[in-house]
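# Residue-level structure breakdown
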Amino acid sequence: MTEELDAGIVARQIAESGELGEPARNRHEVGAARRRKEDARLVTGRTRWTDNIQLPGMLYVAFLRSPMAHARVTRVDASPALHRPGVVAAFTGRDLAGEQGSLPCAWPVTEDIVVPAHPPMAVDEVRYAGEAVACVVATDRYRAYDALESIEIDYEPLPAVVDMNAALEDDAPRVHEEGNRAYVWKFGTGDIDAAFRDAPVVVERTFVQQRLIPTAMEPRAVVAQTDGDSFTLHSSTQVPHILRIMLATVTGIPEHKLRVIAPDVGGGFGSKLQVTAEEVLLLLLARRLGKPVKWTESRSEGNLTVHHGRDQIQRLSLAAEADGRLRGLRVDLLADMGAYLMLITPGIPILGAFMFNGIYKMDAYDFTCTGVFTTKMPTDAYRGAGRPEATFAIERLMDELAAELGLDPIEVRRRNWITRDEFPYTTVANMTYDSGDYEAATRKALALFGYDKLRAEQSERRDRRDPVQLGIGVSTYTEMCGLAPSRVLGSLSYGAGGWEYAAVRMLPTGKVEAVTGVSPHGQGHETAWSQIVADALGVPFEDVAVVHGDTAIAHKGMDTYGSRSLAVGGVALVRACDKVREKARHVAAHMLEASAEDIEFSEGTFRVRGTEAGTTIQEIALAVFGAHDLPDGVEASLDSDATFDPDDFSFPHGTHLCAVEVDTETGATSIRSYVAVDDIGKVINPLIVEGQVHGGIAQGIAQALFEEAVYDSEGNLLTTTMADYLLPSAADLPDFVTARTETPATGNPLGVKGVGEAGTIASTPAVVNAVVDALRPYGVRDVPMPCTPERVWRAIQGGAS
Amino acid sequence: MIPASFDYVRASSVDEAVEVLADAGEEAKVLSGGQSLLPLLRLRLAYPSVLVDVGRLPELRGVRDEGGHVHIGATTTHDEIIRSPVVRAGCPLVALATATVADPAVRHRGTFGGSMAHADPAGDLPAVAVALDMEFVLRSTTGERVVTATDFFTDYLETALEPGEILTAVRVPKLGEGWGYHYEKFHRTAQAWAIVGVAAAVRVTVSESGARHVAEARVGLTNMGPTPLRATAVESAAVDAELPPVPHATANGSPSTARLPSANGSGPHDTLREAASLADGDTSPTADLHATPDYRRHLARVLTHRALTHAAATV
Ligand SMILES: Cc1cc2nc3c(=O)[nH]c(=O)nc-3n(C[C@H](O)[C@H](O)[C@H](O)COP(=O)(O)OP(=O)(O)OC[C@H]3O[C@@H](n4cnc5c(N)ncnc54)[C@H](O)[C@@H]3O)c2cc1C
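Residues numbered from 1 in each chain as written. Chains lettered and ligands numbered in written order. Predicted model: local features only at pLDDT ≥ 70, side-chain atom pairs only at ≥ 80, totals over all residues. Heavy atoms only, no water.

All names here are of chain B. Lining the immediate environment of the ligand, one finds 28 residues, of which V30, Q35, S36, L37 and T111 sit closest. Contacts to the ligand include L37, whose backbone N or O atom sits 2.7 Å from an oxygen atom. Between the ligand and D124 there is a distance of 2.7 Å, counted from a nitrogen atom to a side-chain nitrogen or oxygen. Here the ligand loses 91% of its free accessible area of 960 Å² to cover by the protein chains. Those elements that place two or more of their residues in the shell around the ligand are β2 (28-31), α7 (112-118) and β10 (166-173). Of all the elements, α7 adds the most residues to the shell around the ligand, at four residues. Across the shell around the ligand, the residue classes break down as 13 nonpolar, twelve polar and three charged. Both of domain 1 (1-174) and domain 2 (179-313) provide at least three residues apiece to the shell around the ligand. (Near = heavy atom within 4 Å. Polar contact = N/O pair within 3.5 Å; in protein donor to acceptor, adjacent residues only side chain to side chain. Areas by Shrake-Rupley, 256 points an atom, 1.4 Å probe, with all protein chains shown as cover. Helix = DSSP H or I, 4+ residues; strand = E, 2+ residues; numbered from the N terminus. Nonpolar A, V, L, I, M, F, W, Y, C, P; charged D, E, K, R; others polar. Domains from an automatic or database assignment.)

In structure tokens form, the structure reads like this:
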């Protein structure tokens, strides 16, 4: 027993298992189902998570957090905590007011957007439950937490603002002096009035995207230290590069004196795409105390203070012809910002603005988004970020339209989608979809699912009035990923570009270090990047190490989010490899006494065209290191780097089908089968793709059926533990049937599109469509998410909702 | 979260445990598997000054067949219960309900006695205790006493245990031949607590013609009030109810994890359904994030019918 549990043994078993490193067929690494080389150390914990870092003299930080959603801080005194055992220092927001600055918002989507000051620790007013008001620094974590109790603080309660509609009323209590409307962002094309005028069919629905709490396996943790001159910050972040720039700006520590390290990071899903109060404050504490400081959140603390996701009210109307062809779509969104605008809070719903039309053709589109302040935890990126919300809306609407017209939901889609020969196609939202084949993906999905057979069973159950009804849900999604072309980001007022960086270092022994500017936190980049380098340079997969996440070593990058790492960062890597090869070719020509034009490269060897004479890239690396005999004008280095900025987004798509059984007596739902056919372009590693799809679907199902962050009317978060905030586990999910079609992206040399968010984006509407489909005979037209048993049961009792 | 500081005593015998408890008074807490107590400490919902760990005392651990009843030591883990041939033979309902508790990790640490002493109305085992009329053996420095299940569970998270007293064992009376059992748990995820649960034991008589009737029934309800409840109205109304013919190959004695009824699970056995419809009488379910009281009442009726039907079908 103990032997089985020993981490070292498990690591060795994984490393030695025959399946690891499935040999690449045809000597091509790209496309091989390599087991992930980073997993052995990650799953056994034999790695460096931020919380594992112990430094001499380290101190531990605990935060006192507001128990109230909205209140004026009338008095606060942290000094009593100083008398508690082990306490070294204690500060309130007021103590640090002069130096703590304001947490940044990098995406002011309109010119007149309200961006309120956001002190890392509240000074005069708290605006959400969980906001930090004071902190204690002690010799251990337990003493720090114990001492929080002795901080004296008085609050004068102010009214909570919880509901977005109420928040926008004239006499609503204000979250900020400037009012509760953060911004109004509009976008439209075509003649929307004409589209709706005399439209034979108009489907109007309001859907609510409930608030979600991103639940990364590794809680956030921060370690800050200084040598008196420069600073190092370890953080469980997915954006070390962005963080460095932002922290330098907020704290005034010059950028070149600040090193940010994201060691191994255990998941993020967008929640670690942030500049957090704790990161700023730990730097300030290290500066004040001259000692290393650490903070690791507890899960409950995390539920309160990790930025939340989704939370939109979507008012939608869709105009169509009698045969189901779409005319136009109106989208009126209320997006809950929470109490402050964090790094890209306002931009999240805007990322969805270009996706509400989905894969369909229509003449006109009108989009309005109102960002609303409430006294809740701020929202920000969460897996899919704006696109799941948009996809949900259009895919639910398509099913509603089908029901209204008495058509099969697949048929309605077929009548509207962009056909394979219409690509590249510029949509009503002004996006140019480069490639895709919706027919092929759908055909494959229908066959794998046994669509006709399930429909037959459904009607048989309906006829029999079976207490267990069957529903079938469809989602033919697309998404924009590979964030992002810098010019588009610029036109949307985003504060940075969307390029990516890579460097390749040829070591003297022929091994390779691939430096990447993306910041993996569970995705498997070390494996996929190694495969790319192995093919590009003809070196063994095992000979590549991938270096990332440390601004002193991988100094440049835009990090990992928005399914961008491969589609942008992978391409930068290919370009850097191209440069290494080109440099090596000149050295090879010199070594082989031929002209560079006559040198061919294949599988790691440079040969003189038409001869057997050749030299390997490893030999060249050693020769360059020695530098005894280099051609004139050639530097003693093969190392190269490259930056890639995509011309456009990439557009993965696919067809997901879900069959749900609904127990009409209790309202319980159970997913009977789930088929996902995704088209993500070229695949570097099918095993990694599979993992991303599985996890993504699970997360999307979780939104459909399980997860919801609930605040009461006073603004208290009720779902602070995992007993209340329900996450499904493998036991609650069906086996997923996954398959792919492959239409290469045309916008990048790898032909890849991105897969990180596809499953999440596709699955939520597939599941809810299935639940509603099961209940149509009961007059049910919608079930709010998550479709809990009670909600389903009430929908059946109440009919149309 | 992080617990406040406390002292920790690992008792080497029950006598030592009760002595430490007697000295420490109300400030002390017994620690068994820690699966309920540690979360309370971490959320700082409990501030004991000393924890007396009884979890490793051999005298409190294990299952014995004592003739008329099964003796279950307080610190026997859920996992041991599920695997115990004595439990499976003598009181299968206990094994069925225990198998629905949480997940394997929790079941390897959490204990039978801890579950009872914690007295969470959403816990699965207290309802079984009242349905089967278990007896609770309590020890303190002043001696031993035995209380019935209905007397043991006094209120929400409260029991007849006095400060200084520990639960040493539970006696589960054997019901004998002709009984079928089922625990019907309704929860949102496999690891979640019951929204409502129903523990049912049914004695079935089979007439010469092969007709099957309920001779006797016992029904315990999980999470329908501050304490586990016995649905006595259902029990009397169910007597003599006609049962459908045994469907072939049901759960073959293994705990049912199916969340949905079988496709034709609702035949016209009306007396049983009418009896089950009394299940929410005399209950006082609460509202929480997962369900309203109305919905819980509705579930109690539906699930009681299912539990009785499944239990009878195993005979
Ligand atoms: C994630 C999770 C999910 C769970 N899901 C379920 C579920 O679905 N169904 C369910 O029924 N339970 C569930 N539980 C609870 C689990 O069954 C626990 O094992 C049980 O509630 C307590 O047992 P324990 O041995 O861990 O007791 P402890 O946590 O050690 O103690 C619990 C309480 O009982 C007291 N106590 C313990 N032993 C004695 C004794 N011998 N004498 C006197 N007092 C004593 C303690 O002082 C404490 O107050 C879950 C727990 C977890 C962590």
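Here the narrative resumes, following the displayed structure.
Residue position: S298 of chain A is located in the loop between β12 (293-296) and α9 (299-305). At a separation of 3.2 Å, a polar atom in the side chain of S298 of chain A contacts the main-chain amide nitrogen of E301 of chain A. In this structure S298 of chain A touches R141 of chain A together with M1 of chain B, once residues within four positions along its chain are discounted. (Contact = heavy atoms within 4.5 Å.)

In this section: the UniProt feature "domain: FAD-binding PCMH-type" (unreviewed entry) in chain B. With numbering aligned to this structure, UniProt lists the feature "domain: FAD-binding PCMH-type" (unreviewed entry) at residues 1-177 of chain B. The span residues 1-177 of chain B carries 34% helix and 25% strand; its end-to-end C-alpha distance comes to 49 Å. (UniProt positions renumbered as here; feature names shortened; annotations may be inferred.)

What the rule picks out here adds up to 21 aromatic pairs over all chains. Centre to centre, the rings of F449 of chain A and Y451 of chain A are 6.4 Å apart; their planes meet at 40 degrees, and the pair counts as tilted. Aromatic pair F152 of chain B and F153 of chain B: ring centres 5.1 Å apart, planes at 85 degrees, arrangement edge-to-face. On the basis of relative accessibility, which here comes to 0%, the residue F152 of chain B falls in the buried class. A cation sits over an aromatic face here: K37 of chain A above F541 of chain A, 4.6 Å from the ring centre. (Phe/Tyr/Trp six-rings, centres within 6.5 Å; stacked < 30°, edge-to-face > 60°. Buried < 20%, exposed > 50% of the residue type's maximum accessible area, 1.4 Å probe, protein only. Lys NZ or Arg CZ within 6 Å of the ring centre and 35° of its normal.)

Attention now moves to empty space enclosed by the protein. Residues and elements named next belong to chain A. Under the defined criterion, the tally for this structure stands at six cavities of 30 Å³ or more. Of the pockets and cavities examined, the largest cavity occupies roughly 130 Å³. Along the wall of the largest cavity there are 19 residues; nearest its centre are Y128, A277, E278, T305 and M342. Class assignment for the residues of the lining of the largest cavity results in nine nonpolar, six polar and four charged. (1 Å grid on protein atoms, 1.4 Å probe; cavity = no way out; pocket = protein on both sides within 12 Å on 5 of 7 lines; lining within 4 Å. Points joined across faces, edges and corners; volume = space filled by probe spheres on them.)

Another aspect to go through is the interface of chain B and chain A. Note: interface size is frequently given as the accessible area lost on complex formation between the parts. Contacts between the two partners involve 31 residues from chain B and, on the opposite side, 38 residues from chain A. For the pair chain B and chain A, the number of links is four salt bridges. With a shortest N-O distance of 2.6 Å, D146 of chain A and R44 of chain B are connected by a salt bridge. At the boundary of chain B and chain A, one finds 13 residue pairs in polar contact (both at pLDDT 80 or more). Counting residues per element, the side of chain B that touches chain A draws most heavily on helix α12 (residues 293-313) of chain B, at seven residues. Each residue belonging to the side of chain B that touches chain A can be placed in one class, and the counts come to 18 nonpolar, seven polar and six charged. (Salt bridge = Lys/Arg side-chain N within 4 Å of Asp/Glu carboxyl O.)

This paragraph deals with the pairing of strand β19 (residues 500-506) of chain A. Residue and element names in this part refer to chain A. Most of β19 is tucked away: six of the seven residues are buried. Across five bridges, β19 lies against strand β25 (residues 640-644) in antiparallel orientation. Paired with E500 across the two strands is F644, which belongs to β25. In this sheet, strand β20 (residues 512-516) lies alongside β19 in antiparallel orientation, the contact comprising five bridges. From the neighbouring strand, A503 faces β20, where its bridge partner is V515. Hairpin remark: β19 followed by β20, antiparallel, with five residues in the connecting loop; positive phi at G510, about 90 degrees. (Pairing = 2+ DSSP bridges.)

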